[in-house]
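# Report on the structure
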Amino acid sequence: MKAIETLNLSKAFKKRKAVDGLTLSIEKGEFFALLGQNGAGKTTTIKILCGLSKPTEGKAFVLGKDVSSDDSFKEKINVSPQETAVAPNLSVYENLKFIAEIYGNKRNAASEKAENMIKYFSLSERRNDKAKTLSGGMQRKLSIAMALITDPEVLFLDEPTLGLDVRARRELWEKIKTLKGKVTIILTTHYLEEAEALADRICIMNRGRISEIGTVQELKEKTGKDNFEDVFLMLTEQEDEL
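Values in this document were obtained by computation on a predicted structure and should not be read as measured data.

### Looking at the side chain of Thr161
Relative to the helices and strands, Thr161 resides in the loop between β7 (154-158) and α5 (166-177). Setting aside anything within four residues of it in sequence, one finds Thr161 in contact with Arg169, Leu172, Trp173, Tyr191 and Glu194.

### Looking at the packing of helix α4 (residues 136-148) against α5
Axes are the key here: two packed helices are described by the angle between their axes and the distance separating the axes. Taken N-terminus to C-terminus, the directions of α4 and α5 make an angle of 15°; their axes are 10 Å apart at the nearest point. By the criterion of interaxial angle, the relationship of α4 to α5 is roughly parallel. Judged by the twist between their axes, the crossing of α4 over α5 is right-handed. Touching Gly137, Arg140, Lys141 and Ile144 of α4 are Ala168, Glu171, Leu172 and Ile176, all from α5. Looking at the contact of α4 with α5, its residues break down into four nonpolar, one polar and three charged.

### Describing the sheet that holds β7
The sheet built from six strands is open, its strands ordered β6-β7-β8-β3-β9-β10 with mixed pairing. Each having just a single partner strand, β6 (77-80) and β10 (209-214) make up the two edges of the open sheet. Adjacent strand axes in the sheet meet at a mean angle of 15°, parallel and antiparallel pairs treated alike. Two elements, β7 and strand β8 (residues 184-189), share five bridges in a ladder whose sense is parallel. Paired with Leu157 across the two strands is Leu187, which belongs to β8. The sheet strands contacting helix α7 (residues 216-223) are β9 (201-206) and β10, and the helix crosses β10 at an angle near 110°.

### Looking at helix α3 (residues 107-120)
Under the 1.5 Å per step criterion, the end-to-end length of α3 is 20 Å for 14 residues, consistent within 8% with the ideal 20 Å. Residues of α3 that are buried make contact with α2 (92-102) and α4. Just downstream of α3 lies Ser122, where phi reads positive at about 55°.

### Structural notes on the pairing of strand β4 (residues 57-62)
Pairing of strand β1 (residues 4-13) with β4, which is carried by five bridges, proceeds in the antiparallel orientation. Considered in β4, the bridge of Ile4 is made with Val62. With two bridges connecting them, β4 and strand β5 (residues 65-66) associate as antiparallel partners. Each bridged residue has a counterpart across the sheet, and for Phe61 the counterpart in β5 is Asp66. Between the antiparallel neighbours β4 and β5 lie two residues, among them Leu63 with a positive phi of about 55°.

Definitions and cut-offs
Residues numbered from 1 in each chain as written. Predicted model: local features only at pLDDT ≥ 70, side-chain atom pairs only at ≥ 80, totals over all residues. Heavy atoms only, no water. Helix = DSSP H or I, 4+ residues; strand = E, 2+ residues; numbered from the N terminus. Contact = heavy atoms within 4.5 Å. Axes fitted to C-alpha atoms, helices over the stretch in contact; angles between N-to-C directions. Parallel < 35°, antiparallel > 145°, perpendicular 65-115°, else oblique. Left-handed = near helix turned anticlockwise from the far one by under 90°. Nonpolar A, V, L, I, M, F, W, Y, C, P; charged D, E, K, R; others polar. Pairing = 2+ DSSP bridges. Expected span 1.5 Å × (residues − 1).

Treat this as a map of the structure, not an account of what it does.
Structure (structure tokens):
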């Protein structure tokens, strides 16, 4: 069973199609990146796959479940959105324990999971600090830890390092890399080097459509470009000319 499948998936807002005939499949345990310029349809695609938005046409399946008619898949996924999703007046520990309890863990189990996530993301020194006092990088770590504490089979990372400095971004990359092969990860990012460093395969989108899908090496070979930034520009420019 595939982790994710879409068949001619489309989402229209009035006369504009944010997603236009998207057909793709993502294997279990795969790290899959969605790339594209602003308005390419990445976030709309993620919202459909999370069950937050209904498609206008086509089908989307997550862990074999039709996202339009079967909500049971939601128990097995989680998302770290662009906007850091933390409760600002709760401590690091309280944020994590709260989410673990919402997902059905009893008090002791939730506490243990919270402590494990604190250690894993190197948040021990800020354990009792309110989330609003954390740096941007620390808040992003906490947001991803809150998504992971539920043990999802599929994790959506929507611009996980947006606005972070180079050091904080690289530190977060190292944590995310350890999840490869264990969790199906769908990443959206504007940082081309991020997708190049982390993803098993990359889908380049433009105007709601797929320009190309493949590994970094496959995309370089298809375009004849050695630099991934040139690959991205070439594929999106081709679509712009249509």
